[in-house]
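Structural overview for review
This is what each chain is made of:
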Amino acid sequence: MSIRRRKFTLPAVAALVAAVACSAAIGAPASKRSFVPDDYVEPLDPPAVLFGEVMYEYYNNRNLPAITHLLIARQQGLLSERDDYSEMLLGDLYTNFGLVDRAQAIFSRLVTRDILAKTRNETWFHTAELQYNQGKYDEAARILENKIENLSPAIEKERLVLLGNIYILRGEYQRAADLLSSVKADDVVGAYALYNAGVAFVRSGEIERGIPLLKRVRDLPPGDEETNALKDRAALAVGFTWLQKNNHDLARESLLTIRMDGPFTNQAMLGLGYANFQRGDYKKALPLWLELLQRNTSDTTVQEALMLAPRAYEELGDLPRALFGYRYAADTLRGELKKVERTIVRIRESDWIDSLSPETAKDSAILTDPLAPVTGYTPANIPEAPYLYALFASNSFSEDYKVYLELKRIEKLLDFWQAQLPIYQSTLAQHRVQLATLKPRLDDTISRRKRDVEALRAQVAPLKARIENAIRKGDLEQTATLQQLAQLDVARAIEARLGNSTGAQAERLRRVKGLVIWDIAASATAQQQQAVKDIEIVRNDIEMAALHVESLETLRTDILRRMGPEYDQRIAAAGERLRAMKDEITQRLKAQTVALQNQALVVLAENRRNLGAQLAETHLSIARLQDTSVSEAIEKRKRQ
Amino acid sequence: MATFVRILFTAVLVTLAATGAQAAEQASRDLQALKQNVLDLNRELTTLEQQLLYPSTQVAMFLSIDVGTPIRLVDINLAIDNKNVGYHFYSDQEFQALTKGGIHRLYTGNLSSGEHTLRATITGYDPQGKDYQRTTAYKFVKGAGRKMIELKVVDDVETRQHKFEFKEWSE
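Given the structure is predicted, the values throughout are model-derived calculations rather than measurements.

So, how was this worked out
Residue indices follow the written sequence of each chain, beginning from 1 at its first position. To label them, take the chains in the order written and letter them from A, then take the ligands in the order written and number them from 1. Local features in this predicted model are restricted to residues whose pLDDT is 70 or higher, and side-chain atom pairs enter the listing and the counts only when it is 80 or higher, whereas totals over whole chains, interfaces and linings include all residues. Here a helix means four or more residues in a row that DSSP labels H or I, a strand means two or more in a row labelled E, and each is numbered from the N terminus. Comment: burial labels come from other C-beta atoms within 10 Å of the residue's own C-beta, placed from the backbone, where a count of 20 or more is buried, 12 or fewer is exposed, and between is partly exposed. What counts as a contact is two residues whose backbone-derived C-beta atoms lie within 7 Å of each other. Note on pairing: DSSP must find at least two bridges between two strands before they are called paired. One number per residue, pLDDT, summarises how confident the predictor is, and it ranges from 0 to 100. Each residue gets one of three labels, nonpolar for Ala, Val, Leu, Ile, Met, Phe, Trp, Tyr, Cys and Pro, charged for Asp, Glu, Lys and Arg, and polar for the others, Gly among them. Note on definitions: a nonpolar core is a set of buried residues drawn from Ala, Val, Leu, Ile, Met, Phe, Trp, Tyr and Cys, linked by C-beta atoms within 7 Å. A fitted line through C-alpha atoms represents every axis, and for helices the fit uses only the stretch in contact; the resulting angles, taken between N-to-C directions, go from 0 to 180 degrees. Here roughly perpendicular refers to angles of 65 to 115 degrees, roughly parallel to angles under 35, roughly antiparallel to angles over 145, and oblique to all remaining angles. The sense of a crossing depends on the near helix, which, turned anticlockwise from the far helix by less than a right angle, makes the crossing left-handed and, turned clockwise, makes it right-handed. Working rule for helices: expected span equals 1.5 Å times residues minus one.

Counting its secondary structure elements, chain A contains 25 helices and 1 strand. Taking all 640 residues of chain A together, the buried fraction comes to 33%. Contacts spanning at least 24 positions in sequence make up 62% of the contacts within chain A whose residues lie at least 6 apart.

This part covers the overall build of chain B. For chain B, the helix and strand inventory stands at 3 helices and 8 strands. When the helices and strands of chain B are listed from N to C terminus, the series reads α-α-β-β-β-α-β-β-β-β-β. Looking at chain B as a whole, 30% of its 171 residues are labelled buried. A separation threshold of at least 6 residues defines the contact pool for chain B, and within that pool the share at least 24 residues apart is 65%.

Residue and element names in this part refer to chain B. With 8 bridges joining them, strand 2 (residues 72-80) and strand 5 (residues 114-125) adopt antiparallel strand pairing. Opposite Ile 76, over in strand 5, you have Ile 122 as the bridge partner. The pairing of strand 2 with strand 3 (residues 83-89) spans 6 bridges and is antiparallel. Each residue of the ladder has a partner; that of Ile 76, found in strand 3, is His 88. Between strand 2 and strand 3, which follow one another and run antiparallel, lie 2 residues, and Asp 81 among them has a positive phi close to 50°.

Turning our eyes to something else, we now look at the confidence of the model for chain A. Residue and element names in this part refer to chain A. When pLDDT is averaged across chain A, the result is 82; 89% of the residues are at 70 or more. In the predicted structure, residues 1-6 sits below a pLDDT of 50 and forms 15 contacts with residues beyond four places in sequence or in another chain. This model gives residues 8-36 a pLDDT under 50, and the stretch forms 26 contacts once residues within four places in sequence are excluded.

What follows is about the interface of chain A and chain B. Taken together, the contact pairs 77 residues of chain A with 62 residues of chain B. Per element, the largest residue contribution to the side of chain A that touches chain B is 11 residues, and it comes from helix 22 (residues 395-473) of chain A. Across the side of chain A that touches chain B, the residue classes break down as 44 nonpolar, 19 polar and 14 charged. Here strand 1 (residues 42-43) of chain A runs beside strand 8 (residues 161-170) of chain B; their pairing, made up of 2 bridges, is parallel. Opposite A:Pro43, over in strand 8 of chain B, you have B:Glu168 as the bridge partner.

Turning to the environment of A:Tyr424, a few remarks are in order. Mapped onto the fold, A:Tyr424 is located in helix 22. Measuring from C-alpha to C-alpha, the distance between A:Tyr424 and A:Leu414 comes to 15 Å, with 10 residues separating the pair along the chain. Apart from residues no more than four positions distant in its own chain, A:Tyr424 is found in contact with A:Ile571, B:Leu48 and B:Leu52.

A word on the nonpolar core. Counting 76 residues, the largest nonpolar core has A:Ala176, A:Leu180, A:Leu194, A:Tyr195, A:Ala197, A:Ala200 and A:Trp289 as the members making the most contacts within it. No other element matches the 10 residues that helix 11 (residues 188-203) of chain A contributes to this core. Setting aside chain neighbours within four positions, we find A:Ala176 in contact with A:Gly164, A:Tyr167, A:Ile168, A:Asn196, A:Ala197 and A:Ala200. Core analysis: the second largest hydrophobic core is formed by 75 residues, A:Leu89, A:Ile410, B:Val38 and B:Ile65 among them.

Pairing in this open sheet of 5 strands is mixed, and the strands run 1(A)-8(B)-7(B)-1(B)-4(B) from one edge to the other. Where the open sheet ends on each side, the last strands, each with one partner, are strand 1 of chain A together with strand 4 (104-110) of chain B. Across 10 bridges, the pairing between strand 7 (residues 147-156) of chain B and strand 8 of chain B is antiparallel. The residue bridging B:Glu150 from the neighbouring strand is B:Lys167, located in strand 8 of chain B.

A separate point is the sheet that holds strand 5 of chain B. Residue and element names in this part refer to chain B. Taken in spatial order, the 4 strands of this open sheet run 3-2-5-6, and their pairing is antiparallel. A strand with exactly one partner marks an edge of an open sheet, and here the two such strands are strand 3 and strand 6 (131-142). Averaged over all pairs of adjacent strands, the angle between strand axes in this sheet comes to 20°, irrespective of strand direction. Pairing between strand 5 and strand 6: 12 bridges, direction antiparallel. Residue pairing across strands places Ile 122 opposite Arg 134, the latter belonging to strand 6.

This part covers the packing of helix 11 of chain A against helix 13 (residues 225-244) of chain A. All names here are of chain A. Remark: helix 11 packs on helix 13, axes separated minimally by 10 Å, with the N-to-C direction vectors making an angle of 10°. By the criterion of interaxial angle, the relationship of helix 11 to helix 13 is roughly parallel. Both helix 11 and helix 13 take part in a crossing whose hand is left-handed. Mapping the contact onto sequence places Val 188, Ala 191, Tyr 192, Tyr 195, Gly 198, Val 199 and Val 202 in helix 11 and Glu 226, Thr 227, Leu 230, Ala 234, Ala 237 and Thr 241 in helix 13. When the residues that make up the contact of helix 11 with helix 13 are grouped by side-chain class, the tally is 9 nonpolar, 3 polar and 1 charged.

Quick look at helix 3 (residues 46-59) of chain A now. Residue and element names in this part refer to chain A. Counted at 1.5 Å a residue, the expected span for helix 3 with its 14 residues is 20 Å, and the 20 Å between its end C-alpha atoms agrees. Most of helix 3 sits inside the fold, with 12 of its 14 residues counted as buried. Restricting attention to buried positions, one finds in helix 3 the residues Ala 48, Val 49, Leu 50, Phe 51, Gly 52, Glu 53, Val 54, Met 55, Tyr 56, Glu 57, Tyr 58 and Tyr 59.

The subject of this paragraph is the environment of A:Arg609. Tracing the sequence through the fold places A:Arg609 in helix 25 (residues 566-639). Look at A:Arg609 and you get exposed, because 10 C-beta atoms sit within 10 Å.

Attention now moves to the confidence of the model for chain B. Residues and elements named next belong to chain B. Averaged over every residue, the pLDDT of chain B is 81; the share at 70 or more is 84%. Predicted confidence for residues 2-11 stays below pLDDT 50, and this span has 9 contacts to residues more than four positions away or in other chains. Contacts from residues 14-24, a stretch scored under 50 in pLDDT, to residues over four places away or in other chains number 30 contacts.

Residues and elements named next belong to chain A. It is at 11 Å that the axes of helix 4 (residues 63-75) and helix 5 (residues 84-96) come closest, and there the two elements cross at 135°. Between helix 4 and helix 5, the crossing angle belongs to the class labelled oblique. Note on packing geometry: the crossing formed by helix 4 with helix 5 is left-handed. From helix 4, Asn 63, Ala 66, Ile 67 and Leu 70 reach across to helix 5, where they touch Ser 86, Leu 89, Leu 90, Leu 93 and Asn 96. Residue classes in the contact of helix 4 with helix 5 are distributed as 6 nonpolar, 3 polar and no charged.

Right, let's talk about the environment of A:Ala572 for a bit. Residues and elements named next belong to chain A. Within the fold, Ala 572 resides in helix 25. Residue class for Ala 572 comes out partly exposed when judged on the 13 C-beta atoms lying within 10 Å of it. In this structure, the C-alpha to C-alpha distance between Ala 572 and Leu 421, residues 151 residues apart in sequence, is 8.7 Å.

Okay, structure coming up:
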């Protein structure tokens, strides 16, 4: 049973977000806790946001962007090996992409850390999965047996299934069966576990313990296609186990439960016919086999039926029909041999692999994402499918095919980047032309504006100090309006002209001056506040101008960088790497194609051998029947 | 005649028991090295592209939502200084990604320094399935370096609809 890839639960993306939020709150100024100013903006934590962005891509199955953002954030120092969750995610993405060594290194680092027990257990589980996928069964079993506890029920079930599979692979059927028989079949994983346990018992010779488990799977309520197929498979396993033990009634009982429109119908019909035949009920065996003869003759069960149907006629004493049946079988098998030969030729053609299941993903991004999940491989409706059905369903073929698809997607990704490089070069060239004309103006503007800003700063600073000093000393005149100051100056001038006189004029002057001073004092508070505000506005305007200058300087730095050789060198280096990788991909694709073709050719060679043997057997049967009829004719003549 | 039973019997019992193990055996060390090179190259070219398109003055805007919110976000329309810069319709999967803590990059672009106004309009469904629309405006100052703004859509417990919170980071 294959191990399904499942998304890391990352239990604490939420916890991480919460933790980041907490740290932000703790780090906020003390005043924030007592009151929140109107213009207060909560600070954003770039690492948390970038990790959130990675998670968004990951949960949308956009694994290439996810891992790319993650690697960029790490390169920029925003995330590091010390961040447990980003480490875990990277490990999971590496695993998905088959980078098992890198994933292994990450998981080994993680398990030594002081992390949540649940997370640690999941990490151990991932490590065991990796060991299993690399064929290191003993190491995987050691982890699964000793290192993991308190897993969630779903993962605990997967642990049992994985461990059970290891025992089966090591030939420890009894141990596997004991372990797996306790698993509840309340989902597909559990049903597979029970099936495997049943098979393990049967293979260890304990049929009486294996059959009940297989029956539990067989008798599960109907479910999705995968469950129903497993139910049929279990029924078939029970049926064929009893056929082997010559218990034909029990075999029939189980085979009859298999659906008539499922993937195991042909085997069920063949087996049922065989059970009837062995019970001596040839008349009941015959219709099943004759029905099979109406089906695709490329199916091996149909080919078996071709041989068995005439045999049933023989047993029923209908020798002419038996002879006809064998001749029909011989013709059909010869025809099949021809088809196999044609299929072999077709498989050797270079485009055969691509014709199997052409990728027609609606989302074109998937076609250039080698990390995107390869969902349910279903071979297209091709003429060679009947010969290769079992191969297509096998794990080794689908794993090889998955690697092939990954390579194809990598090739497309490299094509994409290769097409981008000239665009980058022309963008760069275009920028350079524009920047060459812009730069002198930019230099001039920056130096002029910088001087302006400095001059304004130099003016505003003493002005601000003077106003603050006047407010502190109660010097009201410093914040008086120009009109008030003019009135005061007039009053003082008249006062100087009058000297020490004490007449009515002097008294009027004293009153007028008093009025002016009273007016200044009365409006002083508002004037002072306005002066402080004005100074602040001027200062803000100056700082905004300084910000523009600073931006221009940043732009100039960017421009200088673009004018220099750095980008050219990077583009050229990327071009070199792309070319080398494209060559490697081309070679690997060829090798992978050949490997897949060879797998198919091995199956077809076996098929050809079987057809040859069946053909020989058919001819022998024909000869035997002809001998019998000749002998009978001679006997008949003698008797006459 | 018993041969076919034996062959089929073996096939039935072997298929499920002996699979799954050889998966990564196919992926040789060389293949792993190639894949690692692909990831490195992809990272390098993505960085190069970002640096070419969005130099050190870039602004990035992100959207996040309350983890586990009962409210369904449908779409968002984003404008800066009254100019539309982005629209996104959230599929079920994308919305689920947001509710699990994912953060969506809504916009990356170059803005001049100084004050700008961001206007975001979201459409959503409340827990009763009733649709509504909310708009928020937010003023921010773009400095000389890069800037990141996170628009967080949070549940308003009283109205059982969305409200907005902003966070900022400036280089």
